[in-house]
Amino acid sequence: MRFRRGMPTLLRRIGRLIAFPLDLAKALLLACPGVFGVLLRRFYFQQLFRTTGSNLIIGTGFEYSGCRNATIGSQVSFSFPCSLHAENGSIRIGNRVAFGRNTSIDASDGGAIEFGDDIMVAQNVLFCAADHRIERTDINIADQGHLGGRIIVGNDVWIGANCVVTRNVSIGSHSIVAAGAVVTRDVPAFPWWVAYLPKSFAIESVRN
């Protein structure tokens, strides 16, 4: 009887012993520098993502979840230390897309994010396709759940540093998003660019 009662505790301890070397190996893989680290992470994440193209480059410190809901094209690179989250969401990245340092791509909680081809994203950019619900005042915001949306980025787009792209936004092909922009509206295709200024949101032609 005592043995049966002690079984759950024993199983938990065995589980921890098994999990520790796996967690250690994962931490070493994510921290491994140089070409060898890139090759290790390429092989590892090719098993995790739904599909991947050729020449995937993932820098050290990569954070991730929901990889089975993400499709990655060819010649995609994530600089150090980017993050990608697609729990209960979906992410699709085209070909020849480069994400700068500390880029965060978050489609969790019912979101969907789609990137076209030939995109440059500078450092410290956030793509977030879901918001907290805020309709009720009798429940804390943290307990109201999330509202998913969609972000679509066209082809040949340049997004400057320190930008935030919110849900239900489309960024047209051949457009430029200036550094520091908070994108809450659709950005038309070329020849337009968008810039965030204090107390204003400007969309102007690059021909001006």
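Quick note: structure is the one above.
Owing to the predicted nature of the structure, the values given are computational and were not obtained by experimental measurement.

Visitor: Before we go on, may I ask you to explain the packing of aromatic side chains in this structure?
Guide: Given two aromatic rings, their pairing is described by the distance between the two centres and the angle made by the two planes. Under the counting rule described, the total for this entry stands at ten aromatic pairs. Each ring, one from F99 and one from F115, has its centre 5.2 Å from the other, and the planes form 80 degrees; the classification is edge-to-face. Placement of the pair is F99 in strand β8 (residues 97-99) and F115 in strand β10 (residues 112-115), with a sequence separation of 16 residues. For the pair formed by F99 and F115, the shared burial category is buried. Grouping aromatic residues by their ring pairs yields a cluster made of Y44, F45, F49, F62, Y64, F78, F99, F115 and F127.

Visitor: I would appreciate a short explanation of the pattern of salt bridges in the present structure.
Guide: Pairing between side chains of opposite charge can happen when their charged atoms approach one another. The full count for this structure, using the stated rule, is five salt bridges. For the salt bridge of R96 with D118, the shortest nitrogen-to-oxygen distance reads 2.6 Å. On the criterion of sequence distance, the pair formed by R96 in the loop between β7 (90-93) and β8 and D118 in the loop between β10 and β11 (119-121) is long-range, its members being 22 residues apart. By relative accessible area, which is 34% here, D118 ends up partly exposed. Linking E135 and R133 is a salt bridge whose minimum nitrogen-to-oxygen distance equals 3.3 Å. Residue E135 is classed as exposed on the basis of its relative accessible area of 54%.

Criteria and cut-off values
- Residues numbered from 1 in each chain as written.
- Predicted model: local features only at pLDDT ≥ 70, side-chain atom pairs only at ≥ 80, totals over all residues.
- Heavy atoms only, no water.
- Phe/Tyr/Trp six-rings, centres within 6.5 Å; stacked < 30°, edge-to-face > 60°.
- Helix = DSSP H or I, 4+ residues; strand = E, 2+ residues; numbered from the N terminus.
- Buried < 20%, exposed > 50% of the residue type's maximum accessible area, 1.4 Å probe, protein only.
- Salt bridge = Lys/Arg side-chain N within 4 Å of Asp/Glu carboxyl O.

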